[in-house]
Amino acid sequence: MRNIRNEGCKPANKVKSKRTGATSWALKITPVTFCLSLASSIFSQAVTTYTDLTVSIMLLLFMMLVSVVFDGIGVSVTSCDKGEVKKLLQYDAKRAKIAMGLISNAEKVNSVCADVIGDICGVLSGACGAVLAAGLVREWGAGGNVLPTLTSAVVAAITVGGKAFMKGIAVKNADKYVVMTAKALSYIYKPKNKNKKEIRK
């Protein structure tokens, strides 16, 4: 009877630990997101004030690309096959550690990529879109009421369409997407040295 009771307690403990971890993560990510969003808003005001039309267009395209790519990362880490990723990186211990870290923290990675970075890119894209609309109004001398709305709609449509397209690719090629992400991160991030057994598990 004792063994049965003990076994029955394990799922409850796991659920409680997951809830505690989720709460802790929410408490951490909320102020971080606030600070990053505030900084991006200040930066966006600088963009609308001091940048010209060409720079705004380039920055807008870059922000849209970043948003689409990171959204794909968030999808891939939650839908990849851990075993297949290990096979693809079996001869690369450094990148295998990074990939396993991404997969082990899939919910957090997805939250950062889709929510935090997506929110920042959205703020900056909106600011660049406003500059673009204002520039077009100055060039054409008309459309002051229509162009800002039309520009925002086009930016939103392209961003959402790009994300939908990238999500399809990320789901079908999730393992390779995670591997590419790990390879990219390996140039700027060095994982802590731990037992090599963790990679082989």
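Source: prediction; values computed, not measured.

S.K.: Residues and numbers for the pattern of salt bridges, please.
M.R.: Using the criterion set out here, one finds 2 salt bridges in the structure. As a salt-bridge pair, D71 and K167 come within 3.7 Å of each other at their nearest N and O atoms. With a gap of 96 residues between them, D71 in helix α2 (residues 53–79) and K167 in helix α6 (residues 146–172) connect regions that are remote in the sequence. For K167, a relative accessible area of 37% puts it in the partly exposed group. The partner of D92 in a salt bridge is R95, with the nearest N and O atoms 3.3 Å apart.

S.K.: Can you break down the environment of V85 residue by residue, with the values?
M.R.: Structurally, the position occupied by V85 is in helix α3 (residues 82–88). Linking V85 and M100, residues 15 residues apart in sequence, is a C-alpha distance of 8.3 Å. The residues contacting V85, other than those within four sequence positions of it, are C80, A99, M100, I103, D175, V178 and V179.

S.K.: Please give an account of helix α7 (residues 174–185) that cites residues and values.
M.R.: Here α7 is 12 residues long and its end C-alpha atoms lie 16 Å apart, about the 16 Å a rise of 1.5 Å per residue gives. Buried within α7 are the following residues: A174, D175, Y177, V178, V179, T181 and A182. Where α7 is buried, its residues touch α2, α3, α4 (93–104) and α6.

S.K.: With reference to specific residues and values, describe the nonpolar core.
M.R.: If you look at the biggest cluster of nonpolar residues, it comprises 23 residues, and the most contacted ones within it are V77, V85, L89, A99 and V178. Among the elements that line this core, the one with the most residues is α4, at 6 residues. Other than its neighbours up to four places away in sequence, V178 contacts S76, V77, C80, V85, A99 and I103. Residues L59, V116, I117 and V155 belong to the second largest nonpolar core, which totals 14 residues.

S.K.: Explain the confidence of the model for the protein to me, and be specific about the residues and the numbers.
M.R.: On average, residues of the protein score 79 in pLDDT, and 78% of them are at 70 or above. In the model of the protein, helix α8 (residues 197–200) stands out as the element of lowest mean pLDDT, 46, in contrast to α7, which has the highest, 93. Of the regions scoring below 50 in pLDDT, residues 1–10 engages in 0 contacts with residues more than four places distant in sequence or in other chains. Counted against residues more than four places away or in other chains, residues 195–201, with its pLDDT under 50, gives 5 contacts.

S.K.: With reference to specific residues and values, describe the packing of α4 against α7.
M.R.: Two packed helices can be described by the angle between their axes and the distance between those axes. With their axes 9 Å apart at the nearest point, α4 and α7 run at an angle of 120° to one another. As judged from the angle between their axes, α4 and α7 are oblique. α4 and α7 meet at a crossing whose hand is right-handed. On α7, the residues touching R95, I98, A99, L102 and I103 of α4 are V178, T181, A182, K183 and L185.

S.K.: With reference to specific residues and values, describe a nonpolar patch on the surface.
M.R.: Together, V146, L150, V154 and I158 line one region of the surface with nonpolar side chains, adding up to about 360 Å² of accessible area. With respect to the helices and strands, V146 occurs in helix α6. Look at V146 and you get exposed, because its relative accessible area is 55%.

S.K.: Quick one: what's the story with the side chain of S76, residue by residue and with numbers?
M.R.: Note on placement: S76 falls in helix α2. A polar contact of 2.9 Å, which involves the side chain of S76, links it to the backbone oxygen of I73. Not counting the four nearest positions on each side in its chain, S76 is found in contact with A170, A174, Y177 and V178.

About the cut-offs
- Residues numbered from 1 in each chain as written.
- Predicted model: local features only at pLDDT ≥ 70, side-chain atom pairs only at ≥ 80, totals over all residues.
- Heavy atoms only, no water.
- Salt bridge = Lys/Arg side-chain N within 4 Å of Asp/Glu carboxyl O.
- Helix = DSSP H or I, 4+ residues; strand = E, 2+ residues; numbered from the N terminus.
- Buried < 20%, exposed > 50% of the residue type's maximum accessible area, 1.4 Å probe, protein only.
- Contact = heavy atoms within 4.5 Å.
- Expected span 1.5 Å × (residues − 1).
- Core = buried A, V, L, I, M, F, W, Y, C linked by side-chain atoms within 4.5 Å.
- pLDDT = per-residue confidence, 0-100.
- Axes fitted to C-alpha atoms, helices over the stretch in contact; angles between N-to-C directions.
- Parallel < 35°, antiparallel > 145°, perpendicular 65-115°, else oblique.
- Left-handed = near helix turned anticlockwise from the far one by under 90°.
- Patch = residues over 30% accessible without salt bridge, like charges linked within 9 Å, V, L, I, M, F, W, Y side chains within 5 Å.
- Areas by Shrake-Rupley, 256 points an atom, 1.4 Å probe, with all protein chains shown as cover.
- Polar contact = N/O pair within 3.5 Å; in protein donor to acceptor, adjacent residues only side chain to side chain.

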